[in-house]
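Chain by chain, the residues:
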Amino acid sequence: VELSDSTSHTITDAYAGKEYIIQLAAKDTEIGTWSDWSVAVHATPWIEDPLPVCPSTEVDFPTGTMTP
């Protein structure tokens, strides 16, 4: 991953269902020394099942009137 001033990063090439161990270290741009590694985090990305595409449905309503 490239260095940046951002406080977040989106991982876009992870495989759904595969477990990853993520750690990071930070580098001060003025001093140039790296921090210790963070505590390891275990993460498993997933993809939710896509919602079914429903075509518009035509409904026939009765044309008569209802009386109680």
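Residues numbered from 1 in each chain as written. Predicted model: local features only at pLDDT ≥ 70, side-chain atom pairs only at ≥ 80, totals over all residues. Heavy atoms only, no water.

All right, on to the overall build of the chain then. For the chain, the count of helices and strands is zero helices and two strands. Within the chain, buried positions represent 0% of all 68 residues. Partitioning the contacts of the chain with sequence separation of at least 6, the portion at a separation of at least 24 is 31%. A total of about 7300 Å² of accessible surface is found on the chain, and carbon and sulfur atoms cover 57% of it. (Helix = DSSP H or I, 4+ residues; strand = E, 2+ residues; numbered from the N terminus. Buried < 20%, exposed > 50% of the residue type's maximum accessible area, 1.4 Å probe, protein only. Contact = heavy atoms within 4.5 Å. Areas by Shrake-Rupley, 256 points an atom, 1.4 Å probe, with all protein chains shown as cover.)

Side chains of Ile11, Ile22 and Val41 sit close together on the surface and give an oily, nonpolar patch of about 240 Å² of accessible area. Examined against the element boundaries, valine 41 turns out to sit in strand E2 (residues 41–43). (Patch = residues over 30% accessible without salt bridge, like charges linked within 9 Å, V, L, I, M, F, W, Y side chains within 5 Å. Salt bridge = Lys/Arg side-chain N within 4 Å of Asp/Glu carboxyl O.)

Turning our attention to the packing of aromatic side chains. Applying the stated criterion across every chain, the model contains zero aromatic pairs. Positioned above the aromatic ring of tyrosine 20, the side-chain terminus of lysine 18 is 6.0 Å from the ring centre. (Phe/Tyr/Trp six-rings, centres within 6.5 Å; stacked < 30°, edge-to-face > 60°. Lys NZ or Arg CZ within 6 Å of the ring centre and 35° of its normal.)

It is worth stressing that arrangement in space is one thing and function is another; only the former is reported here.
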